[in-house]
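# Analysis of the macromolecular model
Take a look at the letters that make up each chain.
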Amino acid sequence: MTAISWLQLALYCGLLVAVAKPLGAYMARVYEGEARVAEKVLGPLERITYRLLRIDPKEEMTWRTYAVATIFFNVAGLLAVYLLQRVQGVLPGNPAQLGAVSPDSAFNTAVSFASNTNWQGYAGETTLSYLTQMLGLTVQNFVSAASGMAVLVALVRGFTRRTTGTIGNFWFDLTRSTLYVLLPLSLVVALVLVSQGVVQTLSPYGHAHALEGGGDQLLALGPAASQIAIKQLGTNGGGFFNVNSSHPFENATPLSNFVEVFSILMIPAALCNTFGKMVKDTRQGWALFAAMFVIFVPLLLLCVAQEHSAHPMLASLPIDGGNMEGKEVRFGITNSALWATATTAASNGSVNAMHDSFTPLGGLVPMWLMQLGEIVFGGVGSGLYGMLMFAIVAVFVAGLMVGRTPEYLGKKIEAYEMKMASLVILIPPLFVLVGTAIACVAEAGRSGVANPGPHGFSEILYAFSSAANNNGSAFAGLSANTPFYDTALGICMYAARFWLMVPVLAIAGALAKKKVVPKTSGTLPTHDPLFVVVLVGTVVVVGALTFIPALALGPIVEHLMARGS
C-alpha cells in the first residue's frame, strides 16, 4: 500500500468520526421537537403533510399499533412498486418504450426496495422507465430508510420512558425522518454529484458516434443523481445503471466516489450520537460507535491488504500492483476495497467494483460483515437497533456471570426481552443457511451458478447473506434473475426486514412499561471500554459460531486451494 492509500483510509475514518457528533445532535433535536431553525423552514410542509393525510402527530401509539402502521405502510409501498412495474409499458415517462417487467422480477424488486435491500436482478437502464425509477424506486428509497429510523426512535423511547404503554407515533417519526434528515441531505449530495458530471435529466437516451467505427452507440441517461443521493444516504443501495457506481454516468470522478461512499455510513454513524443524546448520556452512544468502529477498521484493512496482494495464480506473470480484476482504473484498489467494506458494513449494497472478482479473503470480508447482521453501522436505523439487540444479549450474559439481574440503561433485561432479541439475531442466519442449502440441492438453484466448486458455493452463500440481511450487493457470477432466485431471495428480504421490526418494537413496548432501576455498585457500566470489549466479543462469537463452517466451504477453502494447500 502506498502513502496515498493510507491517507485516503485515514481521511475517510476521520471524517466519519467528525460528522457523527454534529449530525447526531441535530437528529436528536429533530425527534425531540427541538430543531427550531429547521422547523421554521420545513414546519409548514410538515403540517401540510399531516393535514393531507389526516394524521394527528401527537397521538401516541402502543407498540402493536406502531408495528401495524409500519408493516401496512411498507406493504402498501411494496404493492404500489409491483403494480407500477407491471403496467409501466402503457404509462408516460418511458422514452425508451420499455415493456412490463416479468411477474417474478417485479415481485423481487418491489420487496427489495420496500425492505431497504435494493437487490437488483435486472439492468436498470434496459428494464425500468424513468417514471418507475422516480415514482417507484426513489420514493421507496426515502420511506424505507425513514421506516428504519422510525423504529429505532421508538426503541430509544422504550429506554427513556417510564411506566407508560406508548412509544410515540409512527407517522410523526416517518415524516420527520424524511423531511428533516433525508430530504435536505439528499438535495446537497445530489447537487454535488451533478457538479461532478452525474446525469440528471428527463431527456430520451442519447446517441454517440463511435470514434473507431462501429456506428452509433446508444447512451442511457435519466434522473440518476437524485436517486443515487438517497440510495447512499438511506443505505438503500442498488443502482440506476446495471453496473452500479462503477458507471461513469453514476459515479463520474474520484470526488463523486468519495462523496458517495462517505454518504453510506454518515447517517448510521451519527445515529449512535443521536441515541446517546436521547437517552441523556452521550457516553452510551459513543460506546456503541466504538464497538462498531473496532470491528469495521480491522476488516477494512484486511480487505484492502488482500486486494493489494498479488494473486498466487498470477505470480508467474509480469504483473504488479495487486488485484485489479473487476475494478475501475479511475478508483483503484484502495477505494474499491473501501467501498466494498463500507457498503456491506451498512445494509447498502451499492458497488463501484465487482465483488465476485475480489480475492477469496478479500471477498470474505464483505460477506462476513453482512452475516454479522448488518450491525456494524448498518442500515439507517436498522443497524443501530440491531446492535442494541446484541447489547441486550451482552448485558444479559454479563449479568448471569456475576449473578445479578441484568440491566441496560436502567431497565431490567428479563426473559421477554431476551426472547425478542434472540429472534432478531437468529432469523437472518436461519434464512441465510436454509436458503443456501436449498439452492445448493435444487436444480433451479445450481443452474444459476457460473463457477462450479467453492467459488460457486460462495456466490450462492453471498446472495442469501445479502438478501437475508437486507444488503443488496452480489457476487456477479450468479444468474439470480430467475423465478427460483427472485422468489427465494424476495422471501428472505421480506422476512429479514419486517419479522425483525416486530420484535424490536415489542422490546420497546416492554421497556417503556418498566421503571428505572437505581444504579448500585453491582451495576454493569455500559459506557466504558470493558463493555465495548464484551459487546464486540458477543457480536464476533455469534457470527463466528454461526457462519465459519459455511465460510470454510467457500472463500476459506478457495483461498487455500489458490495457494496449493
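A short tour of the structure in this document, coming up.

## So, helix H8 (residues 224–233)
One turn of an α-helix holds 3.6 residues; hence residues three or four places apart share an orientation. The buried fraction of H8 amounts to nine of the ten residues, a majority that puts the element mostly inside the structure. Taken together, the buried positions of H8 are occupied by Ala224, Ala225, Gln227, Ile228, Ala229, Ile230, Lys231, Gln232 and Leu233. Residues of H8 that are buried make contact with helix H6 (130–160), helix H7 (170–195), helix H9 (254–278) and helix H11 (332–345).

## A word on the nonpolar core
Judged by nonpolar contacts, the single largest core of 172 residues is most densely connected at Tyr12, Ile267, Val376, Met389 and Tyr408. The greatest single-element share of this core, amounting to 16 residues, is contributed by helix H17 (residues 483–512). Apart from the residues lying within four places of it in its own chain, the contact partners of valine 376 are Met292, Ile295, Phe296, Ala345, Ala346 and Leu369.

## Observations regarding unusual backbone geometry
With phi around 65 degrees, lysine 280 is a residue other than glycine that occupies positive phi space. Along the chain, the position of lysine 280 falls in the loop between H9 and helix H10 (282–308). A residue is classified by how much of its surface remains accessible, and lysine 280, at 65% relative accessible area, is exposed.

## Side note on the side chain of threonine 343
Note that threonine 343 resides in helix H11. A polar contact is formed between the side chain of threonine 343 and the backbone oxygen of serine 350, at a distance of 2.8 Å. Excluding anything up to four places from it in sequence, threonine 343 contacts Ile264, Asn348, Gly349, Ser350, His355 and Asn471.

## Details of the layout of surface pockets
Its boundaries defined by the atoms lining it, the largest pocket holds a volume of some 470 Å³. Considered class by class, the residues forming the lining of the largest pocket number twelve nonpolar, 14 polar and no charged. Looking at the second largest pocket, its volume works out to about 380 Å³. Around the second largest pocket, the lining comprises 22 residues; the ones closest to its centre are Asp281, Gln284, Leu409, Gly410 and Lys519. For the lining of the second largest pocket, the secondary-structure elements that each account for two or more residues are H6 and strand E3 (407–408).

## Notes on the packing of helix H1 (residues 3–31) against H10
The N-to-C vectors of H1 and H10 enclose an angle of 165 degrees; their axes lie 12 Å apart at closest approach. Relative to H10, the element H1 lies roughly antiparallel. For the element pair H1 and H10, the recorded crossing hand is right-handed. Contact with H1, carried on its side by Ser5, Trp6, Leu9, Tyr12, Cys13, Leu16, Val17, Ala20 and Lys21, involves Trp286, Phe289, Phe293, Phe296, Val297, Leu300, Leu301, Val304 and His308 of H10 and no other residues of that element. By residue class, the composition of the contact of H1 with H10 is 15 nonpolar, two polar and one charged.

## Considering the environment of lysine 515
With respect to the helices and strands, the residue lysine 515 is situated in the loop between H17 and helix H18 (529–562). On the accessibility criterion, lysine 515 (65% relative accessible area) is exposed. The spatial distance from the C-alpha of lysine 515 to the C-alpha of proline 223 is 51 Å, given a sequence separation of 292 residues. For lysine 515, the contacting residues outside a window of four places in its chain are Thr163, Gly410 and Lys411.

## Here we look at empty space enclosed by the protein
Where empty space is left becomes clear once a probe the size of a water molecule has been rolled over the atoms. Using the criterion set out here, one finds three cavities of 30 Å³ or more in the structure. In this structure, the largest cavity spans a volume of roughly 280 Å³. Every residue lining the largest cavity is counted, 25 residues in all, and those nearest its centre are Gly373, Glu374, Pro428, Asn469 and Leu500. Only helix H13 (382–402), helix H14 (415–441), H17 and H18 provide two or more residues apiece to the lining of the largest cavity. Of the residues forming the lining of the largest cavity, the biggest block, five residues, is contributed by H13. Taken together, the residues of the lining of the largest cavity sort by class into 13 nonpolar, ten polar and two charged. Of the volumes computed, that of the second largest cavity is approximately 40 Å³. Taken together, Phe358, Thr359, Pro360, Gly363, Leu364, Met367, His455, Ser458, Phe475, Pro555 and Glu558 make up the full set of residues lining the second largest cavity. Where the lining of the second largest cavity is concerned, the elements lending two or more residues are helix H12 (360–371), helix H16 (454–468) and H18.

## Some thoughts on the pattern of salt bridges
Overall, the coordinates contain 13 salt bridges when judged by the stated rule. Two residues, arginine 176 and glutamate 39, come together in a salt bridge whose shortest N-O distance is 3.0 Å. In this pair, arginine 176 sits in helix H7 while glutamate 39 sits in helix H2 (residues 36–53), placing the two residues 137 residues apart along the sequence. According to the relative accessible area criterion, arginine 176 is buried, its value standing at 5%. Here aspartate 281 and arginine 283 are joined by a salt bridge, their closest N and O atoms 3.0 Å apart. Overall, arginine 283 belongs to the partly exposed group, its relative accessible area being 41%. In this structure, a network of salt bridges that share partners links the residues Arg36, Glu39, Glu46 and Arg176.

Rules behind the numbers
- Residues numbered from 1 in each chain as written.
- Predicted model: local features only at pLDDT ≥ 70, side-chain atom pairs only at ≥ 80, totals over all residues.
- Heavy atoms only, no water.
- Buried < 20%, exposed > 50% of the residue type's maximum accessible area, 1.4 Å probe, protein only.
- Helix = DSSP H or I, 4+ residues; strand = E, 2+ residues; numbered from the N terminus.
- Contact = heavy atoms within 4.5 Å.
- Core = buried A, V, L, I, M, F, W, Y, C linked by side-chain atoms within 4.5 Å.
- Polar contact = N/O pair within 3.5 Å; in protein donor to acceptor, adjacent residues only side chain to side chain.
- 1 Å grid on protein atoms, 1.4 Å probe; cavity = no way out; pocket = protein on both sides within 12 Å on 5 of 7 lines; lining within 4 Å.
- Points joined across faces, edges and corners; volume = space filled by probe spheres on them.
- Nonpolar A, V, L, I, M, F, W, Y, C, P; charged D, E, K, R; others polar.
- Axes fitted to C-alpha atoms, helices over the stretch in contact; angles between N-to-C directions.
- Parallel < 35°, antiparallel > 145°, perpendicular 65-115°, else oblique.
- Left-handed = near helix turned anticlockwise from the far one by under 90°.
- Salt bridge = Lys/Arg side-chain N within 4 Å of Asp/Glu carboxyl O.

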